[in-house]
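For reference, the chains in residue letters:
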Amino acid sequence: LSTAYSEGSSWKAYEAEDLVYTGGWHDKPSDLDTFYFNFGCQTKITGLFKTQLADGIMGMEMEEETTYWSQWYEAFKEQ
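No experiment lies behind these values; they were computed from the predicted model shown.

(A) Structural view of the overall build of the chain. Counting its secondary structure elements, the chain contains 2 helices and 3 strands. Ordering the α and β elements of the chain from the N terminus gives β-β-β-α-α. Put simply, the chain has 79 residues, and 15% of those count as buried. In the chain, the share of contacts with a sequence separation of at least 24, taken over all contacts with a separation of at least 6, comes to 53%. Surface accessibility of the chain: about 6,600 Å² in total, with carbon and sulfur atoms responsible for 54%.

(B) Highlighting helix H2 (residues 68-76). Here H2 has its buried residues at Tyr68, Gln71 and Phe76. Looking straight down H2, one finds its buried side chains confined to an arc of 120°; they lie on one side. Each element contacted by the buried residues of H2 is listed here: strand E2 (10-20) and strand E3 (35-46).

(C) Structural context of the environment of Phe35. Positionally, Phe35 belongs in strand E3. Along the primary structure Phe35 and Phe76 are separated by 41 residues, whereas in three dimensions their C-alpha atoms are 8.3 Å apart.

(D) Looking closely at the sheet that holds E2. Across the sheet, 3 strands lie side by side as E1-E2-E3; this open sheet has antiparallel pairing. A strand with exactly one partner marks an edge of an open sheet, and here the two such strands are strand E1 (2-4) and E3. This sheet shows a mean twist of 35° between the axes of neighbouring strands, independent of strand direction. Looking at chain direction, E1 and E2 are connected through 3 bridges and run antiparallel.

Scoring rules and cut-offs
Residues numbered from 1 in each chain as written. Predicted model: local features only at pLDDT ≥ 70, side-chain atom pairs only at ≥ 80, totals over all residues. Heavy atoms only, no water. Helix = DSSP H or I, 4+ residues; strand = E, 2+ residues; numbered from the N terminus. Buried < 20%, exposed > 50% of the residue type's maximum accessible area, 1.4 Å probe, protein only. Contact = heavy atoms within 4.5 Å. Areas by Shrake-Rupley, 256 points an atom, 1.4 Å probe, with all protein chains shown as cover. Arc of directions from axis to C-beta. Pairing = 2+ DSSP bridges. Axes fitted to C-alpha atoms, helices over the stretch in contact; angles between N-to-C directions.

Structure (structure tokens):
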């Protein structure tokens, strides 16, 4: 995975998967909201990504099949 922006920043990542949940107590996640989530783990950053470091960036765009909520819906639509 990779993305480059017009101001010169870019990143490269590999796709990973982890078990996540939405809300609730951290020591007692509910099985009702737990699902496998696919996301990118960055391996290279340039430009503003180097100077504006964060604990993580979670995109919440509405592009189909890439958002948190789209993946959540797919995990639970049959229940």
